[in-house]
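Per-entry structural report
As a plain string of letters, each chain reads:
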Amino acid sequence: MPKLAYLGPEGTFTEEALRILAPEADRLPSANVSAALDAARRGEADGAVVPLENSLEGAITTTLDELAWGDPLLITAELLLPVEFSLLVRKNTTMAQIKRVFTHPAAITQCRGFTARELPDAMVIAAPSTAAAAQEVALPGSPYDAAIAARIAGEHYGLVELAANIGDRADTVTRFVRVSRPGSMPEPTGSDRTSLVAFLNDDHPGALLEMLTEFSVRGVNLTRIESRPTGDGIGRYFFHFDFEGHVADARVGEALSGLHRICTDVRFLGSYPRADRFFPQIKRGMADADFAEAEGWLARIRGGQA
Ligand SMILES: O=C(O)C(=O)C[C@]1(C(=O)O)C=C[C@@H](O)C=C1
């Protein structure tokens, strides 16, 4: 049975994602995303499940940065999980008594409308996770009056749900990924996504355009691009890319080779089945057979044939 580390404690959205992605796995709760990924790197777990992006909040930057640096990990699966937040309190707490709300930063952003409208004078404080916030609020004598978390976290830690579905949008989803130490990779399915990070050679006009061109001329559709600071000073960035296709697809392989030639470093982060099961239309001339045919044609020319 595989053991997977995740952003804990029990009752996080990440745990829910893990239960769906790997129902058979043993679960190892970690204090934060970095600890979950390190458990996978050190072999204390066979892999980890972590949040990567949210449809309202955008990228989970800790995860992006963790995957870009340190010992490499590969994404092997993804999941889109609808997230629904509840306001959870100890028994007998009323709205008027709530002065300090504790929750994960991503939930702070996603519930900003509710807290501004219903709790305008309350301080909203960042917690390591939504379930960690619920666990803390449940402690007698906790300095926090309420947690924003999943309803299930409230049930788990014995809190009362004072308000349900308090997110600013009802259709918010968070994208989670399962990662493992490099080794094997999921087979191509025709509905795949590939992730990588690319570090620019030097800063010059058109540097980003040159990278994008590697995708564009091979008909590879990007699904996410994010710039992250390298830490080496203002204006120094590297780039995260998600795009359609599998590294086994000729057009994707060629785009990766192109990036490898023009970038200082390219870190491959995995090819894995898409959660939305979307099968992209491959542009004319960009299918594997087209690349193979063109290669044969070139070989014939090089061999002296007309
Ligand atoms: O705190 C949790 O419950 C998490 O699983 C983390 C997380 C996130 O990082 O975005 C997951 C889903 C929600 O968007 C809020 C928080």
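Every value quoted in this text rests on a predicted model; they were computed, and no experiment measured them. (Residues numbered from 1 in each chain as written. Predicted model: local features only at pLDDT ≥ 70, side-chain atom pairs only at ≥ 80, totals over all residues. Heavy atoms only, no water.)

**Comments concerning the overall build of the chain**
For the chain, the count of helices and strands is 10 helices and 15 strands. Expressed along its principal axes, the backbone C-alpha trace of the chain runs to roughly 85 × 45 × 35 Å. For the chain, the proportion of contacts with a sequence separation of at least 24, taken over those separated by at least 6, is 75%. Roughly 14800 Å² of accessible area belongs to the chain as shown, and the carbon and sulfur atoms make up 52% of that amount. (Helix = DSSP H or I, 4+ residues; strand = E, 2+ residues; numbered from the N terminus. Contact = heavy atoms within 4.5 Å. Areas by Shrake-Rupley, 256 points an atom, 1.4 Å probe, with all protein chains shown as cover.)

**Brief notes about the domain arrangement of the chain**
Structurally, the chain comprises domain 1 (1-82 + 173-183), domain 2 (86-163) and domain 3 (185-306). Summarising the inter-unit geometry, the C-alpha centres of domain 1 and domain 3 are found 24 Å apart. In this complex, domain 1 contributes 22 residues to the contact, which on the side of domain 3 involves 23 residues. With both chains or domains summed, domain 1 and domain 3 bury close to 1700 Å², and 58% of this area falls on carbon and sulfur atoms. Counting the surface domain 1 buries against domain 3, the share from its top three residues, Leu64, Ile75 and Glu78, is 30%. Put simply, domain 1 and domain 3 have 4 salt bridges between them. (Domains from an automatic or database assignment. Buried area = accessible area lost by both parts, 1.4 Å probe. Salt bridge = Lys/Arg side-chain N within 4 Å of Asp/Glu carboxyl O.)

**Notes on the pattern of salt bridges**
Applying the stated rule across the entire model yields 20 salt bridges. A salt bridge links Arg224 to Glu226; its shortest N-O distance comes to 2.8 Å. Residue class for Arg224 comes out buried when judged on its relative accessible area of 7%. Through salt bridges with shared partners, a single ionic network connects Glu53, Glu78, Arg175, Arg193, Arg224, Glu226 and Asp242. (Buried < 20%, exposed > 50% of the residue type's maximum accessible area, 1.4 Å probe, protein only.)

**A short note on the side chain of Arg178**
Tracing the backbone shows Arg178 in strand E11 (residues 173-180). Comment: no salt bridge for buried Arg178; closest opposite-charge side chain is Glu24, at 4.6 Å. If we skip the residues at most four places from it in the chain, Arg178 touches Pro2, Leu4, Leu21, Ala22, Ala48, Val49, Leu74, Ile75, Thr76 and Ala77. (Lys, Arg positive; Asp, Glu negative; His and termini not counted.)

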